[in-house]
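Residue-level listing of the chains:
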Amino acid sequence: MRSLQKSNSHFQKAVKKLPLGVSSNFRYWGDDKTIYVKRGKGGRIWDIDDNEYIDYRLAYGPAILGYADQRVDDAARAGMDVGGVFALGTELEYEVASRISRMVPAAELVRFSNSGTEAVMAALRIARAHTGKDGHIIVEGGYHGVFTEVLWYTEVEDWDPKNGPPEVLPYCEGTPKIVKPLFHTVPLNDANVAEDVLKKHHGDIGAFLIEPIMGNCCGLTATKSYLEDVRLLCDKYDVVLIVDEVKTGFRVAKGGVQELLGVRADICTFAKALGNGYPISVVAGREDIMRHVGNGVVHGGTFTGHSVSLAAANKTLEILDETDALASIERYGLQLQEGLGRILNGHGIPHNFVGHPSMMGLFFSDEAPVDYRAWVNTNYEFYDALAAELHELGILVEPDSREPWFLCEAHDVECLNETLDKFEQAVKITLKKTPADRHAIKTA
Ligand SMILES: Cc1ncc(COP(=O)(O)O)c(C=O)c1O
């Protein structure tokens, strides 16, 4: 059994200074379960109790090459010598922007920010300026950052389909209810609902915001035909299609989810894998739309285009673009799925993988869910129980089944074999501890 003695005692100290003892609500896993990290290297991290974990959270995606990647860190160190930020531009911005445009054709013009949240905020603002319409559409189960216009969730856990569509609620206190009439939510993969909403409200809707592989919702994936329909609807109703690639960008393909699923955004956003963990994000898009920036729309920030983050992004993108790093991550993902599947089949546990092998959702159900409403019919309780056992054994996955497993280039054959070995142990322990009826797949 792993000891969290030092983490637990640090938590008691930290909570006196920091709400929940951490710098993000999502890092608090309970008073006696919150982990403090000592360091990360490659595909592994060590906590302050010296427990070692193979990490499949990867900070929710950024460490695409692995933690403390020598190539990126050397570049970042050189970026330090440049001096940080100047409230002026540097030449490297152009170079990185040009590579992004080459990798993602829809990114005709590029602006840098620091976080995914900032990039999506900017995307919505630019879309509103372009269309003159303030409203937007978001997809149920989607997460687009910690800001008011998107910080809402669809309540499916206690939802009864007999009562109509599920309720949409503020994600947290402090979200002004006055914002709610600004947006509409639609289920993934149902173009008829999207069309109904647009037919009725297109006069007020300026943006359709979608993450086609839902990195905060188990990797649920839009079908190509749904994306084609959404693209056509956006064109028909003068709506800007924003493809949020904060998680999928430079991960699921060199050209992101747009390349993988064959959709072209009007505006797209990137962060996470862009800098292998250094804080940098991008809002990019069609030239005529992006030209609103500086021509009515303000975009900026003290730390945008920081020399360390830019240098890290420059190196990360060079590696992703010019080596087979992404192909090797995908190969690992497929081997992992094959191995996990073999173990689960051996125990007669119905399951499905969704998303992309580099960011995959694992569901316990006979059929893979196609939208967030269907997720509720999977056996996520079994997932939650299994995740806790995996943590004890040194395999770090998100405790909540809605977060996919993230893979990086540094995950190697040793990680693979160790993961499969421990997964088998965790499945056995979970089956023993959890009453059998909880393994029955729930039906709607
Ligand atoms: C799709 C998507 N958009 C936006 C964000 C917000 O990014 P950040 O946490 O960097 O603000 C996230 C974060 O997980 C995300 O997954």
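The preceding data block contains the structure.
J.: Which parts of the structure should I look at to understand the sheet that holds strand S13 (residues 267-270)?
T.: Two strands in a sheet stick together by hydrogen bonds in their backbones, pointing the same way (parallel) or opposite ways (antiparallel). An order of S4-S14-S13-S12-S9-S5-S8 is seen for the seven strands of this open sheet, with the pairing classed as mixed. Of all strands in the sheet, those with a lone pairing partner are strand S4 (109-113) and strand S8 (183-186), marking the two edges. Across this sheet, the average inter-strand angle for adjacent strands is 20°, counted without regard to direction. Together, strand S5 (135-139), S8 and strand S9 (205-210) form the strand contacts of helix H5 (residues 191-201), whose direction differs from that of S8 by roughly 160°. Along the sheet, helix H6 (residues 224-236) makes contact with S8, S9 and strand S12 (240-245), crossing S9 at roughly 165°.

J.: What exactly am I supposed to notice about the pattern of salt bridges here?
T.: As a working rule, side chains carrying opposite charge can pair if their charged atoms are close by. For the structure on display, the rule yields 27 salt bridges. Ionic pairing is found between Arg264 and Glu108, a salt bridge with its closest N-O pair at 3.0 Å. Taken together, the positions of Arg264 in the loop between helix H7 (256-261) and S13 and Glu108 in the loop between helix H3 (91-103) and S4 put the pair 156 residues apart, joining distant regions of the chain. The partly exposed category is assigned to Glu108, whose relative accessible area is 36%. The shortest N-O distance in the salt bridge between Glu149 and Arg128 comes to 3.3 Å. Taken together, the residues Glu149 in the loop between S5 and strand S6 (152-155) and Arg128 in helix H4 (residues 116-131) connect sequence positions 21 residues apart. Each member of the pair, Glu149 as well as Arg128, carries the same accessibility label: buried.

J.: What exactly am I supposed to notice about the nonpolar core here?
T.: Buried together is how nonpolar side chains tend to be arranged in soluble globular proteins. The biggest cluster of nonpolar side chains holds 107 residues, and the ones touching the most others in it are Ile100, Phe208, Phe250, Leu336, Trp405 and Phe423. The leading source of residues in this core is helix H10 (residues 325-346), at eight residues. Apart from the residues within four sequence positions on either side, Trp405 is in contact with Tyr56, Leu336, Leu340, Ser358, Met359, Met360, Leu362, Tyr383, Leu390, Val397, Thr419 and Phe423. Of all hydrophobic cores here, the second largest spans 25 residues; its members include Val120, Ala127, Phe147 and Ala207.

J.: How do you make sense of the packing of aromatic side chains when you look at a structure like this?
T.: How two aromatic rings sit relative to each other is given by the distance of their centres and the angle of their planes. Applying the stated rule across the entire model yields eleven aromatic pairs. Ring centres 6.2 Å apart and planes at 90° place the aromatic pair Tyr153 and Tyr171 in the edge-to-face group. Here Tyr153 is found in strand S6, whereas its partner Tyr171 is found in the loop between strand S7 (167-170) and S8, with 18 residues between them in sequence. A relative accessible area of 41% places Tyr171 in the partly exposed class. Seen from their ring centres, Tyr372 and Trp375 are 5.5 Å apart, and the 20° between their planes marks the pair as stacked.

How each quantity is defined
- Each residue is numbered by its place in its chain's sequence as written, counting from 1.
- For this predicted model, a pLDDT threshold of at least 70 governs which residues receive local features, and a threshold of 80 or more governs which side-chain atom pairs are given and counted, while totals over whole chains, interfaces and linings are taken from all residues.
- In computing side-chain values, all of the structure's heavy atoms are included and hydrogens and water are not.
- DSSP bridges decide pairing: two strands pair if at least two such bridges lie between them.
- A helix here means a DSSP run of H or I that spans at least four residues, while a strand means a run of E at least two residues long, and both kinds are numbered starting from the N terminus.
- Axes here mean lines fitted to C-alpha atoms, for a helix over just the part in contact, with angles spanning 0 to 180 degrees between N-to-C directions.
- Contacts between residues were defined by any pair of non-hydrogen atoms, one from each residue, lying within 4.5 Å.
- When a carboxyl oxygen of Asp or Glu is within 4 Å of a side-chain nitrogen of Lys or Arg, the pair counts as a salt bridge.
- Relative accessibility decides the category of a residue: with a 1.4 Å probe and only protein chains considered, values under 20% of the type maximum give buried, values over 50% give exposed, and everything between is partly exposed.
- In this description, a nonpolar core means a group of buried Ala, Val, Leu, Ile, Met, Phe, Trp, Tyr and Cys residues linked to one another through side-chain atoms lying within 4.5 Å.
- For Phe, Tyr and Trp, where Trp contributes only its six-membered ring, two rings pair if their centres lie within 6.5 Å, and the inter-plane angle classes them as stacked under 30 degrees, edge-to-face over 60, or tilted in between.

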